[in-house]
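Residues per chain, in single letters:
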Amino acid sequence: MKTLMFGWEFPPHITGGLGTASFGLTQGLFENDVDIIFVVPRAYGDEDQSAIKLVSASDIRLPFEDVRFQEMLEKIEYIEIGSNIIPYVNPELFVKEEKRTTTTYNESSNVFSEYYNFSGKYGINLLEEVSRYALIASILGKEKEFDLIHAHDWLCYPAGVAAKISSGKPLVVHMHATEFDRSGENINTDVFGIEKYGMENADMVITVSNLTRNIVIEKYGIDPKKVVTVHNAVDFPIQELESMPKKPFNEKLVTFLGRITFQKGPEYFVEVAKKLLEKDDNIRFVMAGSGDLMHKIIKYAASLHITDKFHFTGFLKGPEINRLFAMSDVFVMPSVSEPFGIVPLEAMQSSVPVVISKQSGVAEVLEHAVKVDFWDVDGMADAIYGLCHYDSLSKVFKAYGKEEVGNLKWKRAAKKVKKIYEQVIQ
Amino acid sequence: MRTICFYFQVHQPYRLRQYRFFDIGENHDYFDDHNNRFILRRIAEKSYIPMNKLLLELIEKYGSAFKVSFSITGTALEQLEEYAPEVLDGFKALAATGQVEFLAETYSHSLASIVKKSEFREQVEKHTNKIKELFDQTPTTFRNTELIYSDKIGALVADMGYKLMLAEGAKHVLGWRSPNFLYTNPINPKLKVLLKNFKLSDDIAFRFSQKTWKDWPLTVEKFVGWLTNIPEEEEVINLFMDYVTFGEYQIEETGIFEFFKELPDRIFSHTRFGFSLPRDLEKEMQPVSAVHVPYATSWADEERDLTAWLGNELQDEAFMKLYELRKKVKKCTDPDIQMDWLHLQSSDHFYYMCTKWFSDGEVHKYFNPYGSPYEAFINYMNVLSDFTIRLENYK
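Residues numbered from 1 in each chain as written. Chains lettered and ligands numbered in written order. Predicted model: local features only at pLDDT ≥ 70, side-chain atom pairs only at ≥ 80, totals over all residues.

### Some thoughts on the overall build of chain B
Right, on to step 1. Counting its secondary structure elements, chain B contains 16 helices and 12 strands.
Right, on to step 2. For 395 residues, the compact-globule estimate of 2.2 N^0.38 gives 21 Å, and the C-alpha radius of gyration of chain B, at 21 Å, lies within 12% of that figure.
Right, on to step 3. Projecting the C-alpha coordinates of chain B onto the three principal axes gives extents of approximately 65 × 45 × 40 Å.
Right, on to step 4. Here chain B, with 395 residues, has 49% of them falling under the buried criterion.
Right, on to step 5. Considering only contacts in chain B between residues 6 or more positions apart, those separated by 24 or more positions represent 78%. (Helix = DSSP H or I, 4+ residues; strand = E, 2+ residues; numbered from the N terminus. Rg over C-alpha atoms; globule rule 2.2 N^0.38 Å. Buried ≥ 20, exposed ≤ 12 C-beta atoms within 10 Å, placed from the backbone. Contact = placed C-beta atoms within 7 Å.)

Written as structure tokens, this is what we have:
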């Protein structure tokens, strides 16, 4: 069985959870004997870096040096399409970004340069880019041999549908996040439209959680019969925590790690910190990551006069994330809306007890995590206090949490995906 | 006799290195030695060394007719000792002429005058000791960080035994009155106040090379012409500026050194003006009246107030958290902690957290190691967190 897969990004160029998930899934599918042609849009040149820096997601680490990954790279057919599509950017932001950067495009490295002359300026519109990407996808649909198409998130849906039309092969679309997760109620209607179009034209829709499944059914009106939840998994190499330096201060450390954006609920983390610091001087808080709300959050923390115990790290790289987990006593993810949320799993794997919001998809698969509503600052404070000060409690969460995460294998998730593949092929 | 009073500020802070969250509790080395050395060497070569040489030549040429005054901060002196001893030798040579006055201020160019009297006194004492040790002078004139002044600060300075203090001739303070007189402090009239003529000072310091300025290019003839146009009864023109005006704000190619070199000669030949030191003016001139400054003024930015350093959430928070530590610092005798305490108080750290970038953004960016006020804040607070841990662990 061979699938033509459209994604956003592929290691080592990863900016967010989608890259991690699609990479993990790919690996799991391999272990289930599914062959994959993986297609990603990729701009060539310096603008890529600056864009990543701008949206700087911090919640990702990948085992690039992992042997399995190296093996997989040898087997996979990997295609990059010259394009300015940038993950985690909405059309409005894309226009800004486009104005900021000068596009340099290396034509010769484009596998499709013989078909399409991409020299000159790109369209300044992200939606145009998405359409152009689809155009190339339809050619791929004719040229490549495969059994079905699998497209990850809205940027790839037009490509998936185009390939379906040109090849006549079935299409599976994968909802990692909806426009409602990204933008709250003020959605971009173009993006919403593309998501809806992709799902309507798909033979099956995979959602990363039941939370997302409900949104897809209720807000997009997709037939529940063709929407299936496959929870994400996590396959990180075992971290050697023993070798990590010890925490250089006495206080307990409570950690937030993720993009500092509306959907991650950073202001609730500040509020819970304020609440706890009023009662308990023996805790420090750290907010790791960056994002469009960062400056606002810094000002907010300053105005509450807690910044001697509430720290910011800015964007963190992989080894620093490991170090942060090694120092942490509690990890908190107060997301307002989180289709899945992979970071708590990383924390648990590093033996850090987690407090997560009930509004996150990952809450559906975890037993050994404290679950609270994102707005329930008191509840969150109770949980953090308990995990910081009652050793027996945190011991239980550490031990069982690690075991629980160890059972969330991509191989198992991919098996479900393979079943869906078999269903659509018939 | 009518007179001109030149005063130059020489200040360099200890800029912080990039100090990350992971450094807290681990690393007590806060300052960016490399960058501080680099900046100091650059300024020494472009500005301090040539200007010291020029001033010495002018004093040799005109004898007792030509005089200038300086305030050099403790943090600048320390860095000169370490990175540019030839500049310090230049200042010592100027001091030896007897034609140069060194003023008192806080050791690290801090904002202590608006927080805590005792802290302020201690820092001024530390500074005057350093001046005495290096230049064999005991300052009698005071100038506060960035010319920060208010009636209260003036009274405090008078209590400390100073007879004269420098301040900004801010429009909102003076109104219709002229800065070109000697004034007194209304709380303690024993303290006399010299006000900066900001128009003529800034013509040299900021507008000298500004091609969009209607009076560009500024020639000695033009400048001296303006001096002669000042009404006869106005007695003293206070030209206060940062020493890096010469060679750094106004680079050598603008002709700033030639301008300054020719200025005294033209003044002597075309006007009745001479040159005086602040301490001479205190003795020789009669004050005209009290000047009321209920709210603190400074020479910074368009507003000429404290908003370059304090007022936004970030600045106020960092400032508050810093001074909350004072009691603990005072209990501690560790010399490294005492030195870091002083260096962390330099007003520059708060200046970098300023968010009013519109009118004076360019000036705030000067030698600013940070990309944004937020970065400046995070970095400073990380350092302060480590400093706090050290204080708590100190036995």
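Next, the rest of the story.
### Re the overall build of chain A
Right, on to step 1. A tally of regular secondary structure across chain A gives 16 helices and 13 strands.
Right, on to step 2. Put simply, chain A has 426 residues, and 51% of those count as buried.
Right, on to step 3. For chain A, restricting intrachain contacts to residue pairs at least 6 apart in sequence, the fraction spanning at least 24 positions comes to 75%.

### Observations regarding the interface of chain B and chain A
A common way to report how large an interface is uses the accessible area buried once the components associate.
Right, on to step 1. Across the contact, 20 residues belong to chain B and 16 residues belong to chain A.
Right, on to step 2. Only helix H11 (313-323) and helix H16 (373-393) of chain B provide two or more residues apiece to the side of chain B that touches chain A.
Right, on to step 3. If you tally residues by element for the side of chain B that touches chain A, the top one is H16 of chain B, at 9 residues.
Right, on to step 4. Residues of the side of chain B that touches chain A, tallied by class, amount to 11 nonpolar, 4 polar and 5 charged. (Nonpolar A, V, L, I, M, F, W, Y, C, P; charged D, E, K, R; others polar.)

### Let's talk about the domain arrangement of chain A
All names here are of chain A.
Right, on to step 1. For chain A, the domain assignment lists domain 1 (2-235 + 410-425) and domain 2 (241-406).
Right, on to step 2. With 23 residues of domain 1 at the contact, the number on the domain 2 side is 24 residues.
Right, on to step 3. Looking at the side of domain 1 that touches domain 2, the elements that each hand over two or more residues are helix H1 (17-31), helix H7 (179-183) and helix H9 (210-220).
Right, on to step 4. Its residues placed into classes, the side of domain 1 that touches domain 2 shows 7 nonpolar, 12 polar and 4 charged. (Domains from an automatic or database assignment.)

### Some details on the sheet that holds strand E11 (residues 330-333) of chain A
Residues and elements named next belong to chain A.
Right, on to step 1. Taken together, 6 strands build an open sheet; the order of strands is E10-E9-E8-E11-E12-E13 and the sheet is parallel. Every interior strand has two partners, whereas the edge strands, strand E10 (310-314) and strand E13 (370-372), have only one. Across the sheet, the mean angle from the axis of one strand to that of its neighbour is 20°, orientation sign disregarded.
Right, on to step 2. Two elements, strand E12 (residues 354-357) and E13, share 3 bridges in a ladder whose sense is parallel. When the bridges of E13 are listed, valine 355 appears paired with valine 370. (Pairing = 2+ DSSP bridges. Axes fitted to C-alpha atoms, helices over the stretch in contact; angles between N-to-C directions.)

### A short note on the domain arrangement of chain B
Residue and element names in this part refer to chain B.
Right, on to step 1. Here chain B is partitioned into domain 1 (2-290) and domain 2 (313-393).
Right, on to step 2. Taking the mean C-alpha position of each, domain 1 and domain 2 sit 24 Å from one another.
Right, on to step 3. The interface is formed by 29 residues belonging to domain 1 together with 20 residues belonging to domain 2.
Right, on to step 4. Considering only residue class, the side of domain 1 that touches domain 2 consists of 13 nonpolar, 9 polar and 7 charged.

### Here's the deal with the sheet that holds strand E6 (residues 182-184) of chain B
Residues and elements named next belong to chain B.
Right, on to step 1. Judged by pairing direction, the sheet is mixed, and its 5 strands sit side by side in the order E4-E5-E7-E6-E12 without closing on themselves. What marks the edges here is a single partner per strand, and that holds for strand E4 (141-143) and strand E12 (289-290).
Right, on to step 2. As paired elements, strand E5 (residues 164-168) and strand E7 (residues 192-196) share 5 bridges and run parallel to each other. Opposite glutamate 168, over in E7, you have lysine 196 as the bridge partner.

### Side note on the environment of alanine 84 of chain B
Residue and element names in this part refer to chain B.
Right, on to step 1. Structurally, alanine 84 can be placed in the loop between helix H2 (74-83) and helix H3 (85-96).
Right, on to step 2. C-alpha separation for the pair alanine 84 and leucine 40, spaced 44 residues apart in sequence, amounts to 7.5 Å.
Right, on to step 3. Dropping the residues within four chain positions of it, alanine 84 is found in contact with Leu40, Arg41 and Ala44.

### With respect to the environment of isoleucine 217 of chain A
Right, on to step 1. In this fold, isoleucine 217 of chain A is placed in helix H9.
Right, on to step 2. Considering only alpha carbons, one finds isoleucine 217 of chain A and valine 227 of chain A, 10 residues apart in sequence, at a separation of 7.9 Å.

### Structural notes on helix H8 (residues 189-201) of chain A
Residues and elements named next belong to chain A.
Right, on to step 1. For H8, built from 13 residues, the straight-helix expectation of 18 Å at 1.5 Å per residue is met to within 8% by its first-to-last C-alpha distance of 18 Å.
Right, on to step 2. The complete set of buried residues in H8 reads Val191, Ile194, Glu195, Gly198 and Met199. Along the long axis of H8, the arc covered by the buried residues comes to 125°, so they all point the same way. (Expected span 1.5 Å × (residues − 1). Arc of directions from axis to C-beta.)

### Considerations on unusual backbone geometry
Peptide bonds are mostly trans, and most non-glycine residues show a negative phi.
Residues and elements named next belong to chain B.
Right, on to step 1. Looking along the chain, the bond that leaves tryptophan 216 and enters proline 217 is cis, with omega of -5°.
Right, on to step 2. Mapped onto the elements of the fold, proline 217 is located in the loop between helix H7 (198-205) and helix H8 (220-229).
Right, on to step 3. The phi dihedral of aspartate 136 is positive, around 55°, even though this residue is not glycine.

### A few points about H3 of chain B
Right, on to step 1. In this model H3 of chain B runs 16 Å from its N-terminal to its C-terminal C-alpha over 12 residues, within 8% of the 16 Å that 1.5 Å per residue would give.
Right, on to step 2. As for H3 of chain B, its buried residues are in contact with helix H1 (33-62), strand E2 (68-72), H2, strand E3 (100-102) and helix H4 (117-135) of chain B.

### A word on the pairing of strand E8 (residues 236-242) of chain B
Residue and element names in this part refer to chain B.
Right, on to step 1. Of all the 7 residues making up E8, 6 are buried; the element is thus mostly covered by neighbouring parts of the structure.
Right, on to step 2. For strand E1 (residues 2-10) and E8, the ladder comprises 7 bridges, and the chain directions are parallel. Bridging from a neighbouring strand, phenylalanine 8 pairs with methionine 241 of E8.

### Some points on the confidence of the model for chain A
Residues and elements named next belong to chain A.
Right, on to step 1. Of all residues in chain A, 77% attain a pLDDT of 70 or more, and the chain-wide mean is 81.
Right, on to step 2. Contacts of residues 43-65 to residues separated by more than four positions or lying in other chains number 59 contacts, the stretch itself having pLDDT below 50.
Right, on to step 3. Below a pLDDT of 50 lies the segment residues 93-124, which in the model reaches 44 contacts outside its immediate sequence neighbourhood of four places, other chains included. (pLDDT = per-residue confidence, 0-100.)

### Observations regarding the pairing of strand E5 (residues 171-175) of chain A
Residues and elements named next belong to chain A.
Right, on to step 1. Counting buried positions over the 5 residues of E5 gives 5, a clear majority of the element.
Right, on to step 2. Of the two faces of E5, the one holding Leu171, Val173 and Met175 and the one holding Val172 and His174 are both buried throughout.
Right, on to step 3. In this sheet, E5 lies alongside strand E4 (residues 148-152) in parallel orientation, the contact comprising 4 bridges. Of the residues in E5, the one forming a bridge with histidine 150 is valine 172.
Right, on to step 4. A crossover connection joins E4 to the parallel E5 through helix H6 (residues 153-167); in handedness this β-α-β unit is right-handed.
Right, on to step 5. As paired elements, E5 and strand E6 (residues 204-207) share 4 bridges and run parallel to each other. Bridging from a neighbouring strand, histidine 174 pairs with isoleucine 206 of E6. (Right-handed = clockwise from strand over helix to strand, strands pointing away.)

### Section: the environment of tyrosine 249 of chain B
Right, on to step 1. Structurally, the position occupied by tyrosine 249 of chain B is in the loop between strand E9 (246-247) and strand E10 (250-251).
Right, on to step 2. Sequence-distant contacts of tyrosine 249 of chain B, that is, excluding residues within four places in its chain, are made with Ala205 and Val244 of chain B.

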